[in-house]
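Observations on chain architecture
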Amino acid sequence: MRQSARQGSNRTGIMAAPERAKQMVEATREFPPSSPGDALAIAEVRIAYAQEGEGMGETPRLLMDKLGERLAFEHAGARLYEALLSKHRAYGSFEGGPSGEDVLHILTEEYEHADFLSGAIKNLGGDPTALTPAADLALNISAGLPQVLSDPRTNLLQSLEAIVVAELADNECWTTLAQFASQAGQDELAEQCGVAIEHERDHLRKVRMWIAAGQGREAAAGDGAEMPEDEYTFSEDSPVDREGYVVSEEERAESRETGGQPPTGTSGKDRPARRDRK
Amino acid sequence: MAINLLRDSGVPLEQQRFTWRDLVQAPYNKLMDDAFTRVRVILMNGIESEALRFSHACARMNAPLQRALAQVRRIEQHQQTMVNWLNPADQDPLETTIGFEQVAIEVTASVAEKEPDPYLAQVFRFGLLEDFDHLYRYSALMDRLQGKDANALVQSYSDIVPGRPTVIEHRDPLDDLRKPYDRRRAAPLTKLHALTIMAGEHQTHDYYMTIGPMFADPVARQVYAEIASIEEQHVTQYESIIDPNETWLEKWLLHEATEVYNYWSCVESEENPRIRAIWERFLDYELGHVRFVARLFEETEGRDAAEVLPDRMPEPIRYTSHREFVRETLRRELTLSAAGTEFVDREQETEATRAYRDQMNSEGSPTETVAAGYVWRPGTELTDPAARVPATSSKSKRRAA
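Notes on the structure in this doc start here. (Residues numbered from 1 in each chain as written. Chains lettered and ligands numbered in written order. Predicted model: local features only at pLDDT ≥ 70, side-chain atom pairs only at ≥ 80, totals over all residues. Heavy atoms only, no water.)

Where nonpolar side chains cluster on the molecular surface, the patch consists of A:M56, A:L137 and A:I141 and spans about 300 Å² of accessible area. Along the chain, the position of A:L137 falls in helix α5 (residues 133-141). (Patch = residues over 30% accessible without salt bridge, like charges linked within 9 Å, V, L, I, M, F, W, Y side chains within 5 Å. Areas by Shrake-Rupley, 256 points an atom, 1.4 Å probe, with all protein chains shown as cover. Salt bridge = Lys/Arg side-chain N within 4 Å of Asp/Glu carboxyl O. Helix = DSSP H or I, 4+ residues; strand = E, 2+ residues; numbered from the N terminus.)

Following this line, the structure appears as structure tokens:
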């Protein structure tokens, strides 16, 4: 079954109907905007509301908030992989793509992560059924994913492109969670998070590999199919480092002098000031 | 707070003003506010929506009333906006749907419990069991589509279990019509009840018809299609309990009285002070509308408004869990159906209903599909390993913990 997007019937661009497009442009000259200003006017309103607003909700203890976030995301993630199994049955796989067993394997680990998180929340005296602010936010951030996975029109490869977004978020957020656990003195919890992180690394590597195969790319290091060894995902010329700090010209030069190592070999706290924080 | 519909003047029409900024206030908090704040917001949006719907229909049939209707309608439009815009953006359409069904359960239960006319109380209980089932179906959809627990919205006030299964709620149109109350003999509360529930159900129908096609999932699209059809049946049912012999102005006056009754019920129960201030403001606006329409009614029909309006408000709608009442109704009336305007046991259903249902369900029922074997569990069905996709062929033995 086809794994690439349909070509040739796209009517969304102006080239699909040049004459009508011309008329569209002409109309904008005859009928100008009814009010002056630019897109920044929106920002003013957003800022005004934000300053008067109440926020998303009272934040519980940070660790509990983040545990709730991971639990919600793992449940949502499990549903995504369940939907991916249907894609596999409906569309079949492709050369280098996942087998049903591969998908089921990841799905099982997502279930296990959810169980682990639920237990961890209970052990800390929390309620795993409560929707925490971070959980609510995470579900809204990823709200488009189930839309893509449950759409009968999307094929296995397209669905994997949604899955990789979930896996990227998973990798990012499990790492964060482990750090929060450590900071809170929950060393055993942090250690257990480490096991989940290994699983998530494996998921991401596999999903990247499947997508590369589906797109006819070589699944070799450097093309995104493998996690870079140092997990550094920014290029040498990137304007920000992996912690989101702006890299100054000075630092970049310094980095080149030290053999091209990324300018983030040190943690943020070793820096004299965070003046460049974005 | 004591309300006198015949004496309280409220805010005069000319002082009922808005700005765009005023219309768009901070929404309630999905995570922090009580579920009944959402329930009230959703119902009051429905009440205002009905105010506009009625006003437009009336204007199309009554040229002499058009100017007065237009004046009041513009205010109702802005009242509806302010109320509906209290729904927060992090509440997705399916989550709002859960809120709609909780309205249909808890508000209808409150009405059914207090309704003085035994036949109409039966009508409300009949509809209640059907909407109760919808909450369960949509909860299954939310869990199985998004991996989310509907109880985050329901807040454990309403049971998430099957009611009268949606698959058997489909009836012939003529079996959804009921007998109307008699406008000369019915208690004022009966009229307020009928308009309240009709308004809520009509808005529910319109909402499902709007958001149903926004889902990508074909099962979700089908579930909305099937339940929207039942909501249409409910609108047919609740519309038919209202005396069609009321005059247009009498109906208008009753609409305004229903709005007063509902805002007053909200004021009586709202915990969020910011939202309560909105209910109080609009209660005063609606009292102003009652005054305006009562004068028009008396001048036009030469009748005293006291013929239509009660001087004292009946008991307010109870915004609380009706779990026991609903369960008792489930136990007693689950197998009930309707034949014409009468309620009968399922064995006595009409041939027309059976034929219609068989036709509609001949390729399956989406609400059955979505909730196949669904048992609500705290924190989603996924907390039960038995509800997961079987891992028999998985080679994974690694554990996260």
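The structure having been displayed, the exposition proceeds.
Our focus in this paragraph is the nonpolar core. Soluble, globular proteins show a tendency: their nonpolar side chains are buried together. By size, the foremost hydrophobic cluster in this structure holds 113 residues, and its most contacted members are B:Y138, B:W252, B:L253 and B:W279. Contact partners of B:L253, with chain neighbours within four places excluded, come to B:V290, B:V293, B:A294, B:F297, B:A305, B:V308 and B:L309. In this structure, A:F94, A:L145, A:L156 and A:L157 belong to the second largest nonpolar core, which totals 28 residues. (Core = buried A, V, L, I, M, F, W, Y, C linked by side-chain atoms within 4.5 Å. Buried < 20%, exposed > 50% of the residue type's maximum accessible area, 1.4 Å probe, protein only. Contact = heavy atoms within 4.5 Å.)

Moving on: empty space enclosed by the protein. Using the criterion set out here, one finds six cavities of 30 Å³ or more in the structure. In this model, the largest cavity occupies a volume close to 210 Å³. Lining the largest cavity are 20 residues, with A:A72, A:T129, A:A130, A:L131 and B:D149 sitting closest to its centre. Where the lining of the largest cavity is concerned, the elements lending two or more residues are α3 (62-91) and α5 of chain A together with α6 (151-154) of chain B. For the lining of the largest cavity, the element with the highest residue contribution is α3(A), accounting for four residues. Taken together, the residues that form the lining of the largest cavity break down as nine nonpolar, six polar and five charged. (1 Å grid on protein atoms, 1.4 Å probe; cavity = no way out; pocket = protein on both sides within 12 Å on 5 of 7 lines; lining within 4 Å. Points joined across faces, edges and corners; volume = space filled by probe spheres on them. Nonpolar A, V, L, I, M, F, W, Y, C, P; charged D, E, K, R; others polar.)

Counting residues at the interface gives 40 residues for chain A and 40 residues for chain B. Summed over both sides, the interface between chain A and chain B buries roughly 3,600 Å², with carbon and sulfur atoms accounting for 54% of that surface. Three residues stand out in chain A for area buried against chain B, namely A:Y49, A:H75 and A:R79, and they jointly supply 19% of the buried area on that side. For the pair chain A and chain B, the interface holds five salt bridges. Put simply, A:E52 and B:R21 hold a salt bridge, and the shortest N to O gap is 2.3 Å. Our count for the contact surface shared by chain A and chain B stands at eleven residue pairs in polar contact (both at pLDDT 80 or more). In terms of residue count, the dominant contributor to the side of chain A that touches chain B is helix α4 (residues 100-123) of chain A (eleven residues). Its residues assigned to classes, the side of chain A that touches chain B comprises 15 nonpolar, 13 polar and twelve charged. (Buried area = accessible area lost by both parts, 1.4 Å probe. Polar contact = N/O pair within 3.5 Å; in protein donor to acceptor, adjacent residues only side chain to side chain.)

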